[in-house]
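Coordinates in review
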Amino acid sequence: MARTPDAPCPTAFGYHRRVVTTSVARNKLQLLHSEKLAKLPWLVHAFSTRQGGVSRVYGGKALNLGFTPHDSRAAVERNRELFLKELGVASGRRSWPLISLRQIHSDLIHRVDAVTAQLLVGDGLVTDTPGLVLAVQTADCLPIILADRKRRAVGVFHAGWRGTVKRIVEKGVGEMRKYFGSDPRNLIAAIGPGVQGCCYDVGEEVRTKFEMQFAYASSLFREVKESDPVREKYPLLFLTARAPGHSELPARLFLDLVEANRRQLVDAGVLAKNIDAAAPCTSCHTEQLFSFRAEKGVTGRMMAVAGIRG
Ligand SMILES: [Zn+2]
């Protein structure tokens with residue numbers, strides 16, 4: 001795979017990159033930060049990329065943060081250590097605990113106040129307790145971070161198309177209202193890197209599921225007819241055989257998952273100006289990001305994390 005670690009990402013507008021060489025392993029960890037979230041001094045947050053780290057199974061050295069079947073447990077644990085250090089929440093061998101989930105494409109959201117004995121099952125975490133790093137893992141699905149700038153509470157959510165149909169992020173805003181008294185107008189949201197409308201082709205059944213849930217569903221999908229050079233050159237040949245508009249050409253359907261989640265945030269009362277939705281597409285940028293689809297399942301996992309300084 002061609003790797004251009006320092007090439008700027010043209011679609012990363014609104015996000016800035018910090019490239020730091022760690023003194024321990026000399027691996028360049030590259031993390032993405034939302035400019036809107038970065039304005040909150042009490043907040044620790046980041047979207048990891050594949051760059052840096054010690055995993056060797058995904059081409060070069062990679063920051064795989066998920067326990068995938070291909071990678072070694074030791075490599076993932078080392079990557080997590082480097083990541084926490086880079087976040088500034090580790091000193092020596094001690095760091096803030098990293099709380100992640102066994103993700104199941106659900107709308108289950110947990111409120112956490114301390115380290116749990118067992119791995120939680122679900123797709124969202126919220127807290128107002130300082131000193132915890134809440135994490136979701138992705139490699140195409142959208143990671144979404146919410147932060148309440150007044151109440152100092154945070155949430156992280158994992159939204160693929162299934163979780164989006166279940167309105168996980170809309171529900172996430174509701175959980176923050178319920179648990180922390182969050183006023184949605186004080187929430188800052190960042191939708192991180194995931195597969196975007198340019199690349200996310202889905203089946204007709206996905207559109208049907210969205211149409212059953214959202215009045216605006218049709219605006220989230222884009223249909224692209226496969227091109228056929230013969231038909232384009234001799235359209236009359238085909239018009240005589242079939243009524244206009246009744247093309248038999250297969251159409252591909254693309255879903256704009258970013259817009260779907262942005263829309264849910266707005267419907268839940270988050271102000272449009274407080275939503276950062278400009279992260280790059282994973283599938284377009286496999287040199288920088290893990291993409292399950294573009295890499296046919298043989299890929300690592302990135303993390304979106306949020307925590308509160310004490
Ligand atoms: Zn793309």
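What comes next concerns the included structure.

Before going further, it helps to examine helix α1 (residues 73–87). Its 15 residues give α1 an end-to-end C-alpha distance of 21 Å, which sits within 8% of 21 Å, the value for a rise of 1.5 Å per residue. Of the residues making up α1, those classed as buried are Ala75, Val76, Asn79, Arg80, Leu82, Phe83, Leu84, Glu86 and Leu87. Downstream of α1 by a residue or two, Gly88 has a phi angle that is positive, lying close to 85 degrees.

This part covers the packing of helix α3 (residues 168–180) against helix α7 (residues 257–267). Between α3 and α7, whose axes approach to 8 Å, the crossing angle comes to 30 degrees. Looking at the two axes, α3 sits roughly parallel to α7. Where α3 crosses over α7, the two elements pack in a sense that is right-handed. For the pair α3 and α7, the contacting residues are Val169, Glu170 and Val173 in the first and Asn261, Gln264, Leu265 and Asp267 in the second. When its residues are assigned to classes, the contact of α3 with α7 shows three nonpolar, two polar and two charged.

Burial analysis of strand β20 (residues 302–308) places seven of its seven residues in the buried class, the great majority of the element. Neither face of β20 is open: one carries Met302, Ala304, Ala306 and Ile308, the other Met303, Val305 and Gly307, and all of them are buried. In this sheet, β20 lies alongside strand β3 (residues 43–48) in antiparallel orientation, the contact comprising five bridges. Note on β20: the bridge partner recorded for Phe47 is Ala304. Note: strand β12 (residues 133–138) against β20, five bridges, orientation antiparallel. Paired with Leu134 across the bridge in β20 is Ala306.

Reading the values: rules and limits
Residues numbered from 1 in each chain as written. Predicted model: local features only at pLDDT ≥ 70, side-chain atom pairs only at ≥ 80, totals over all residues. Helix = DSSP H or I, 4+ residues; strand = E, 2+ residues; numbered from the N terminus. Expected span 1.5 Å × (residues − 1). Buried ≥ 20, exposed ≤ 12 C-beta atoms within 10 Å, placed from the backbone. Axes fitted to C-alpha atoms, helices over the stretch in contact; angles between N-to-C directions. Parallel < 35°, antiparallel > 145°, perpendicular 65-115°, else oblique. Left-handed = near helix turned anticlockwise from the far one by under 90°. Contact = placed C-beta atoms within 7 Å. Nonpolar A, V, L, I, M, F, W, Y, C, P; charged D, E, K, R; others polar. Pairing = 2+ DSSP bridges.

These values are about where atoms sit, not about what they do.
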